[in-house]
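Okay, here's what each chain looks like letter by letter:
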Amino acid sequence: MRHCLAIFLCIFIPFTAMTEAQIANSTQVTQTTWNGLHFGSTPGEVRQSLAKQGMELQPATDCSEVSNCRSQRVVSPDWKLQVPASQSPLQFKVRLFFSSDDHLQLIHLLLLGHEHSDAYDAHTAVSSIKEQMIGRYGTPATQSGVCDTSAFSDAEQLECSMIWRADGQNVKLSWLYIGNTMGGVLSGLTVEINYTQLQSGL
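Now for a look at the structure at hand. (Residues numbered from 1 in each chain as written. Predicted model: local features only at pLDDT ≥ 70, side-chain atom pairs only at ≥ 80, totals over all residues. Heavy atoms only, no water.)

Some words on the environment of E56
Among the secondary structure elements, E56 is positioned in strand 1 (residues 56-59). Remark: the alpha-carbon pair of E56 and V74, spanning 18 residues in sequence, is separated by 8.3 Å. If we ignore the near neighbours within four places in the chain, the residues touching E56 are L50, V74, V75 and S76. Only 3.2 Å separates the side chain of E56 from the side chain of Q58, close enough to count as a polar contact. (Helix = DSSP H or I, 4+ residues; strand = E, 2+ residues; numbered from the N terminus. Contact = heavy atoms within 4.5 Å. Polar contact = N/O pair within 3.5 Å; in protein donor to acceptor, adjacent residues only side chain to side chain.)

Right, dumping it as structure tokens:
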């Protein structure tokens, strides 16, 4: 009986250790990110997840080079974020980047409809997004540029980058605002959000 118990423990303990390691590795690979997606997912898995929300995954057709489109997909329809400061939701184009072996690596959100925003609209949009991000992820780990949204009123140009390291991922919010240059004729706002998996040791 003792021999049987010893044999059982010799087999069971290494198997348990291996299983725990596999689970830890699996958890890292499938880290949850934007809209419930998981890093490391295949296009098919992403498509199934989006379908539950009434969204589709489509091939990218607007890449600078055709070869780059092979690793990219776009989400349809555009994603909408309702914020308290605006009656209309903010709208984002969502682009997903996959590795060479077709696993989700990066999620890129681009704010739409603000290419010719004045200072008021730009301030409202950026303030709302910044507030949502801080509410979700807390104080940024790093930030650079002019990130004080009160500076929009009379600025010729504002540029900011804020990075969070939370929930097993890097989240980067960046914006560029062109304001009073040329009397405001060329005013416009670009806002981008990038989600990438936080690598071990970072």
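Some details on the packing of aromatic side chains
For the coordinates displayed, the defined rule picks out 4 aromatic pairs. With a centroid separation of 6.3 Å and 45° between ring planes, the pair formed by Y137 and W164 is classed as tilted. Linking Y137 in helix 3 (residues 119-137) with W164 in strand 7 (residues 157-166), this pair joins segments that are 27 residues apart in sequence. The pair formed by Y137 and W164 is uniform in burial state, with each residue classed as buried. Seen from the ring of F98, R73 lies directly overhead, with NZ or CZ sitting 5.3 Å from the centre. (Phe/Tyr/Trp six-rings, centres within 6.5 Å; stacked < 30°, edge-to-face > 60°. Buried < 20%, exposed > 50% of the residue type's maximum accessible area, 1.4 Å probe, protein only. Lys NZ or Arg CZ within 6 Å of the ring centre and 35° of its normal.)

Structural notes on helix 3
An α-helical segment advances 3.6 residues per turn. Residues three or four places apart therefore align on the same side. An ideal rise of 1.5 Å per residue puts 27 Å on 19 residues; helix 3 measures up with 26 Å between its terminal C-alpha atoms. For helix 3, the full list of buried residues reads A122, T124, A125, V126, S127, S128, I129, K130, M133 and Y137. Structurally, helix 3 contributes buried residues whose contacts are with strand 4 (90-98), strand 5 (104-111), strand 7, strand 8 (169-178) and strand 9 (188-197). Residue D118 occupies the N-cap position of helix 3, its side-chain oxygen lying 3.3 Å from the main-chain nitrogen of Y120. Following helix 3 by one or two positions, G138 adopts a phi angle in the positive range, close to 85°. (Expected span 1.5 Å × (residues − 1).)

Considerations on the nonpolar core
Of all hydrophobic cores here, the largest spans 42 residues; its most connected members are L96 and W175. Contributions of two or more residues to this core are made by helix 2 (43-51), strand 3 (79-81), strand 4, strand 5, helix 3, strand 7, strand 8 and strand 9. Here the element with the most residues in this core is helix 3; it accounts for 6 residues. (Core = buried A, V, L, I, M, F, W, Y, C linked by side-chain atoms within 4.5 Å.)

Side note on the pattern of salt bridges
Pairs can form between side chains of opposite charge once their charged atoms are near each other. For the structure shown, the criterion picks out 2 salt bridges. Of the charged contacts in the structure, one is a salt bridge between D62 and R95, with a shortest N-O distance of 2.8 Å. Within this pair, whereas D62 is found in the loop between strand 1 and strand 2 (72-76), its partner R95 is found in strand 4, the two being separated by 33 residues in sequence. Across the pair D102 and R73 runs a salt bridge whose closest N-O atoms are separated by 3.9 Å. Of this pair, D102 sits in the loop between strand 4 and strand 5 while R73 sits in strand 2, and the two are 29 residues apart along the sequence. Residue classification places D102 among the partly exposed residues on the basis of a relative accessible area of 32%. For R73, a relative accessible area of 15% translates into the label buried. (Salt bridge = Lys/Arg side-chain N within 4 Å of Asp/Glu carboxyl O.)

Taken by themselves, the reported measurements are silent on function.
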